[in-house]
Protein chains: 2
Amino acid sequence: MTVYNFSAGPAALPLTVKQQIEAELYDWNGTGCSVMEVSHRSQEFKDMADENEALARELLNISDEYAVMLIPGGARLQYSMLPINISSKQGEAIYAINGHWGKQALKEAGRFTQVSSTAKVNDEVYAGIPSYDDNELNAKADYFHYTSNETLEGVQWHKLPQTNGIPLCCDMTSDLLTREFDVNDYSMIYASAQKNMGIAGITFVIMKRDMIGQSTNLIPTMTDYKTYADTRSFYNTPPTFPWYVMLLMLRWVKAQGGVSTIQDINQAKSSQLYAFVDQSDFYLNKVDPNCRSEVNVPFWLHDESLNQKFLSESADAGLKALKGHMAVGGMRASIYNAISLAGIDALVDFMQEFERTNG
Amino acid sequence: MTVYNFSAGPAALPLTVKQQIEAELYDWNGTGCSVMEVSHRSQEFKDMADENEALARELLNISDEYAVMLIPGGARLQYSMLPINISSKQGEAIYAINGHWGKQALKEAGRFTQVSSTAKVNDEVYAGIPSYDDNELNAKADYFHYTSNETLEGVQWHKLPQTNGIPLCCDMTSDLLTREFDVNDYSMIYASAQKNMGIAGITFVIMKRDMIGQSTNLIPTMTDYKTYADTRSFYNTPPTFPWYVMLLMLRWVKAQGGVSTIQDINQAKSSQLYAFVDQSDFYLNKVDPNCRSEVNVPFWLHDESLNQKFLSESADAGLKALKGHMAVGGMRASIYNAISLAGIDALVDFMQEFERTNG
C-alpha cells in the first residue's frame with residue numbers, strides 16, 4: 001500500500017531522498033563510512049556544505065549581501081535569538097499575528113525587548129491575516145516580524161506586509177522553498193528544516209550581513225548570529241546528518257525544476273483540495289479564501305462525532321497523520337513539497353468515499 | 001576492505017546500528033514512514049523517548065533525583081547554559097583545566113560569572129591533570145567544572161576531583177558510556193552524542209532536579225534547563241533522528257553486556273595500543289601514564305617528515321581519520337565504543353609494518 005504522510009512536521013521526505021540516504025548509508029562519497037560518521041572538519045563534509053550553500057543561494061536567489069546560516073535549536077530558538085541579537089531592553093519590535101506560532105514568537109521576544117502587535121493577542125482561532133495602518137507603526141522599531149504561514153490555522157500571507165520602512169523578519173518555517181518570493185524584501189528569514197528542507201535538528205537562517213554582530217547585549221556564543229556567519233556554521237560540531245538531508249532536499253527541488261515549478265505544483269495541490277472541501281456539505285474550511293494556506297489545509301467534518309472514524313479509516317487507507325492540532329481540532333492535511341499530486345488524489349478520493357458512506 | 005574509522009567525532013557507529021537504521025528506513029515501527037518523517041507528538045515517538053530514558057537510567061544507574069534531558073546545540077551550548085542557569089554575574093565557578101575543551105568552557109563561562117581555574121590557562125599542550133589543594137577552593141562557589149576526557153591531548157581523569165563540597169559538573173562528551181562511574185558523585189553531567197551515543201545534533205544532560213529553575217537570570221526559554229526538564233525534552237520539535245540513533249546506541253551497549261563489559265573492552269583496547277607505542281622507538285606518546293585517555297590515543301612519529309606518508313598509507317589500508325588535531329599535531333586514534341578489538345589489531349599491525357619499512 002502506498003503511504004501518504006500528511007504530518008505537519010517532522011514531515012514526509014520524497015522517496016528518492018530516502019533512496020539516496022539508503023544508497024550512501026555504508027559508504028558516503030567514497031569515505032567507506034556513513035555521512036553520520038564523518039568529521040565535519042573533513043574535506044568531504046566541507047565540500048558538501050559548500051554545495052549546500054551554493055544551491056540554497058541559487059534556488060532562492062540570495063545575494064552575497066546576506067549571510068546564510070545553519071543553526072540548531074529549531075525556530076523556537078530564533079524566537080529569542082532575534083530580539084537578543086537585533087534589539088534590546090530599550091528597543092522595540094513589532095509582531096504581526098495571524099496564528100499560534102506568531103503569538104509564541106511575540107511572547108518570547110517580549111522578555112527581551114518591548115513588543116507591540118498588529119492584532120489583539122488572545123486565544124481565538126485566527127481565520128485571516130491582520131489589517132493595520134502601516135503609517136501608524138513606529139518607524140524606529142528594530143524590526144517587524146511575521147509568520148508567513150501558520151500551520152495550525154492554515155492561514156498564509158499572500159502579499160508582502162507593509163512595514164513603514166522597518167526591517168522585515170519572517171518565520172518561513174512552513175513555506176520556505178514552497179513558492180517564489182524576493183529575498184531582497186527581507187532583512188532576515190528563518191525556517192527550521194523539518195517541513196520542506198529535510199529533517200528536524202537544523203534551522204536555516206538568511207540574514208543581512210550588516211545586521212550581524214552589532215548588539216551590545218551579552219549574548220552566549222552559540223546564540224550569536226556572528227558565530228555562525230563568521231565560521232559558515234562550522235564553529236562547533238554541527239548537526240551533520242540533518243545538514244546532509246537538507247542538501248538532498250535542495251537537489252530534489254532543483255531536479256523538480258526549481259521553486260517556480262514547485263510553486264505551480266503546490267498551487268494545483270491546494271486548489272484541488274480546497275475546491276473539493278468547498279463544494280462539500282460534509283467538510284468545511286473556515287479560513288478567509290484570500291489567505292488560505294497552500295501547505296497546511298485544515299478541514300472539519302460538520303459532524304464531529306465522525307472524527308475518530310475518519311482518522312481511523314484514513315490511516316488504514318495509508319493516509320497518515322491527518323489529525324488537526326489539538327488547539328483547533330478537526331483535521332489537517334499538511335501538503336508540503338514532498339506530497340505529490342497523487343497524494344492529493346488519494347486523499348480526495350478517500351474523503352469522497354467517506355462522505356458517500358457516512359454523509 | 002574493512003574500514004575502521006578513528007574519527008574523534010562525529011565518529012564510527014557499530015555496524016549493527018547502521019543495519020537497524022537501514023532496516024527501518026522506509027517503515028519504522030509499522031508507521032509506513034521513516035522515523036525522520038514521524039511527528040514527535042505521535043505515540044510511536046513518545047514510546048521511543050520513554051524507552052530511551054529508561055535505558056539511559058538503567059545503564060548509568062541514574063536515580064529519579066536527577067532529570068535527564070536531550071538538548072540541541074552541542075556541548076558548546078552547555079558552556080554557556082551551565083553558568084547562565086546555575087551561577088550569576090555575582091557568582092563564582094571553578095574550572096579544572098586539563099586541555100583544550102576545558103579552556104573553551106572556562107572562557108565562555110567567564111562571560112557570565114566569575115571564574116577561577118585550577119591551572120594556569122595558556123597555550124601549552126596539556127600532558128596531565130592539574131594538581132591543586134581542594135581545601136583552598138572557595139566552598140561557596142556555585143559549581144566546580146571539569147572535562148573528564150580531553151580529546152585533543154588524550155588526557156583523562158581516572159579519579160574523582162576533590163571539590164571541597166562544591167557541586168561537581170562534568171563535560172563527559174567523549175567518555176560517557178565508556179566506563180563505570182557513580183552519577184551520585186555529580187550535580188550535573190553532559191555529553192554531546194557524536195562520540196559514544198550516536199550522531200551529532202543532540203546533547204545528553206543529567207542534572208539534579210533541585211538545581212533546575214532556581215536562577216534569577218533572564219534566560220531564553222530554549223536555553224533554560226527547566227524547559228527541557230518540565231517537558232521531558234518535548235517543548236519544541238526535537239532533533240528526532242539523532243534521538244532515535246541514541247536509542248539504537250543504548251540498546252547496543254546493553255546487548256554488549258552493559259557499561260562494565262564495555263569498560264573491560266575499552267581498557268583492553270587502549271592498553272594494547274599504548275603498550276605497542278611504548279615499546280617502539282618509532283612512535284611516541286607524551287602523556288603521563290596515570291592520566292592517559294582510554295578513548296583518544298594521540299601518538300607521534302619521531303620522524304615527523306613521515307607524517308603524510310603514514311596518513312596516506314593508513315587511509316589506503318582502511319584505517320581512516322588518524323590525523324591528530326592541528327593544535328597538537330601528530331596522529332590520534334579515537335577508539336570509542338564502536339571501535340572493536342579487531343580495529344586495534346588492524347591499527348597495530350599497520351603501525352608495525354609501517355615502522356618495519358620506514359624505521
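All values derive from a computational prediction rather than experimental measurement. (Residues numbered from 1 in each chain as written. Chains lettered and ligands numbered in written order. Predicted model: local features only at pLDDT ≥ 70, side-chain atom pairs only at ≥ 80, totals over all residues. Heavy atoms only, no water.)

1. Points about the packing of aromatic side chains
Counted by the stated rule, this structure contains 39 aromatic pairs over all chains. Taking 6.4 Å as the distance between ring centres and 15 degrees as the angle between the ring planes, the aromatic pair formed by Y146(A) and Y186(A) counts as stacked. Here the residue Y146(A) occupies a position in strand β5 (residues 143-147), and Y186(A) occupies one in the loop between β8 (168-171) and β9 (188-192), the gap between them amounting to 40 residues. According to the relative accessible area criterion, Y146(A) is buried, its value standing at 2%. Pairing F45(B) with W243(B) gives two aromatic rings, centres 5.5 Å apart and planes at 85 degrees, and the pair type is edge-to-face. (Phe/Tyr/Trp six-rings, centres within 6.5 Å; stacked < 30°, edge-to-face > 60°. Helix = DSSP H or I, 4+ residues; strand = E, 2+ residues; numbered from the N terminus. Buried < 20%, exposed > 50% of the residue type's maximum accessible area, 1.4 Å probe, protein only.)

2. Structural notes on the relation of the copies chain B and chain A
Once chain B has been moved 0.0 Å along the axis and rotated by 180 degrees, it coincides with chain A to within an RMSD of 0.0 Å. Classification of the inter-copy transformation places it as that of a two-fold axis. Both copies share a contact surface, since 100% of the interface residues of chain B are interface residues in chain A too. (Least-squares fit on C-alpha atoms with pLDDT ≥ 70 in both. Contact = heavy atoms within 4.5 Å.)

3. Quick word on the interface of chain B and chain A
Opposite the 54 residues of chain B that make contact, chain A presents 54 residues. Carbon and sulfur atoms supply 62% of the area that chain B and chain A bury against each other, a total of about 4300 Å² over both sides. The three residues of chain B that bury the most area against chain A are Y26(B), M36(B) and E37(B), which together make up 16% of that side's buried surface. At the surface where chain B touches chain A, the tally comes to two salt bridges. As a salt-bridge pair, K18(B) and E37(A) come within 2.9 Å of each other at their nearest N and O atoms. Across the chain B-chain A interface, the total number found is 19 residue pairs in polar contact (both at pLDDT 80 or more). Residue assignment for the side of chain B that touches chain A shows that the elements contributing at least two residues are α1 (15-23), α3 (74-86) and α6 (240-256) of chain B. Here the residues of the side of chain B that touches chain A are counted per class, giving 26 nonpolar, 20 polar and eight charged. (Buried area = accessible area lost by both parts, 1.4 Å probe. Salt bridge = Lys/Arg side-chain N within 4 Å of Asp/Glu carboxyl O. Polar contact = N/O pair within 3.5 Å; in protein donor to acceptor, adjacent residues only side chain to side chain. Nonpolar A, V, L, I, M, F, W, Y, C, P; charged D, E, K, R; others polar.)

4. Concerning the sheet that holds strand β12 (residues 296-301) of chain B
All names here are of chain B. If you trace the three strands from one edge of the open sheet to the other, you get β11-β12-β14, paired in antiparallel fashion. Strands with a single pairing partner mark the edges of an open sheet, and in this sheet they are β11 (283-284) and β14 (331-334). Where β11 meets β12, two bridges bridge the pair, whose relative direction is antiparallel. Bridge pairing in β12 links L284 to W300. (Pairing = 2+ DSSP bridges.)

5. With respect to the environment of L59(A)
Residues and elements named next belong to chain A. By the element assignment, L59 lies in helix α2 (residues 43-60). Given a relative accessible area of 13%, L59 falls into the buried group. With residues up to four places along the chain from it excluded, the contact list for L59 reads L177, L250, V253, K254, G258 and V259.

Worth remembering: the numbers are spatial, not functional.
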